[in-house]
Amino acid sequence: MPGAPRLTAAVISAGAVGTAVGEALARAGHAVTAVVARSEASRARAALRLPQARIADVESAARDAELIILAVPDPELPGVVERIAPHVGPGRIVAHVAGSRGRAVLDPIALTGALTIAAHPAMTFAGVPEDTDRLAGCPWGVTVGDELSRTVAELLISEIGGRAIPIPESRRPLYHAAMAHGSNHLGAVVADAVELLARTISDRGDPAAGHSPAAAREQAAALLGPLLGASLENALKWGPRGLTGPAARDDAGTVAKHLEVIGDELPRVTPAYRAMARRIAELKGSAAVLRELGDPGDGAD
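This text gives an overview of the structure that appears in the document. For every chain, the first residue of its written sequence is number 1, and the numbers climb from 1 along that sequence. Reporting in this predicted model follows two pLDDT cut-offs: at least 70 for local features of residues, and 80 or more for side-chain atom pairs to be given and counted; totals over whole chains, interfaces and linings ignore these cut-offs and use all residues. The side-chain values count all of the structure's non-hydrogen atoms but skip hydrogen atoms and water molecules.

Here we come to the pairing of strand β5 (residues 93–96). Whether a residue is buried, partly exposed or exposed follows from its accessible area with a 1.4 Å probe, protein chains only, as a fraction of its type maximum: under 20%, in between, or over 50%, in that order. The secondary structure listing takes helices from DSSP runs of H or I that are at least 4 residues long and strands from runs of E that are at least 2 residues long, numbered from the N terminus. The alternating pattern of β5 places Ile 93 and Ala 95 on one face and Val 94 and His 96 on the opposite face, and all of these are buried. Whether two strands pair comes down to DSSP finding at least two bridges between them. As judged from the 4 bridges shared by strand β4 (residues 67–70) and β5, these two strands associate in the parallel manner. Counted as the bridge partner of Ile 69 is Ala 95 from β5. With strands facing away from the observer, any crossover in which the path from the first strand over the helix to the second runs clockwise is taken as right-handed. As for the winding sense of the linkage, the β-α-β connection from β4 through helix α4 (residues 77–84) to β5 is right-handed. Relative to strand β6 (residues 115–121), β5 runs parallel, the two being bridged by 4 bridges. For Ile 93, the partnering residue across the bridge sits in β6 and is Leu 115.

Those residues of α4 lying buried are Leu 77, Val 80, Val 81 and Ile 84. Buried residues of α4, viewed axially, fall in a sector of 105 degrees; they line one side. Buried residues along α4 sit against β1 (8–12), α3 (58–63), β4, β5 and α5 (107–110). Each C-beta atom gives one direction from the helix axis, and the arc is the one those directions make. The contact rule is simple, with two residues in contact once any of their heavy atoms fall within 4.5 Å.

Time to look at helix α7 (residues 147–159). Helices are assigned an expected span. That span is 1.5 Å times one less than the residue count. With 13 residues, α7 should reach 18 Å at 1.5 Å per residue; the first-to-last C-alpha distance of 18 Å fits that figure. All of the buried residues along α7 are Ser 149, Val 152, Ala 153, Leu 156 and Ile 157. Around the axis of α7, the buried residues are gathered within 125 degrees of arc, so they sit on the same side. For α7, exposure combined with an orientation more than 90 degrees from the buried face picks out Glu 147, Leu 148 and Leu 155.

With that settled, the discussion passes to the pairing of β4. Of the two faces of β4, the one carrying Leu 67 and Ile 69 and the one carrying Ile 68 and Leu 70 are both buried. As defined by bridge partners, β1 adjoins β4 across 4 bridges and the pair is classed as parallel. When the sheet's bridge partners are listed, Ile 12 is paired in β4 with Leu 70.

Right, let's get into the sheet that holds strand β8 (residues 163–166). Taking strand neighbours across the sheet as the criterion, the 8 strands line up as β3-β2-β1-β4-β5-β6-β7-β8 in an open arrangement whose pairing is mixed. Two strands lie at the open edges of the sheet, namely β3 (54–55) and β8, each paired on one side alone. Where β1 meets strand β2 (residues 31–36), 5 bridges bridge the pair, whose relative direction is parallel. From the neighbouring strand, Ile 12 faces β2, where its bridge partner is Val 36. For every element, the axis is a line fit to its C-alpha atoms; helices are fit only across the contacting stretch, and the angle between N-to-C directions ranges from 0 to 180 degrees. Relative to β4, helix α1 (residues 16–27) is tilted by about 155 degrees, and along the sheet it contacts β1, β2, β4, β6 and β7 (139–144). Helix α8 (residues 172–201) contacts β5, β6 and β7 of the sheet and is inclined by roughly 165 degrees relative to β7.

Here it is, written out as structure tokens:
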């Protein structure tokens, strides 16, 4: 069980990420005493998961806390930094969780003598209590300006079960691009695959199928789950060597057929399938598939 709270913490603001980080800090024994929650959904989330925290404005939340977590959307971060800089100073810790920004965006705060940390949890957040559980074992991309800040970041992250991985300031945009490409784009591909498979299961042309759309999606997810888990594990472990399927084995005929049936059923998915098949073919040297797909600039689908 956590001991007595060691730091008073404020969360700005109670979105999906901020609430999860605040709840994890509270579980570790820190006192989350203030939260900025502007929307009705954020206020409800804070009341449920950070019940000891008062709802505050940005300035008062920063003024009264020893540890300040900035969890606002990336484009809003510079403006929030300017607002809280007059209210912090030596002995304070200010950390932001924006993936695309490094530590430099916190320079106005660093000039006050506060410790500044860029610490991005490499996790997806849905605004649900399970988000906090996922922070246990989660790696964080961390950018700092000095050894003291690095030590503090590592201690705080380890307290909530995470692991700090250093990211150079100049490489934060590429770091974030890689995260988005791997997570967000994967999510879109999976959503499309579930939709295509659900349509197959609930084929209206087969009266014997009798599946509701919800049941069909559930069965589609059940079919895809083990396959996706194994594919992800192979890709993480083996890289391009772990790729399988028609584009990987240079089966141009099957790739062409896939493009045809996807185009008939859900045409908006065709460009994504084409692009990913081409990328796999490039990684595996699948010459016939590359010829079948043609010039990527020709606009053919």
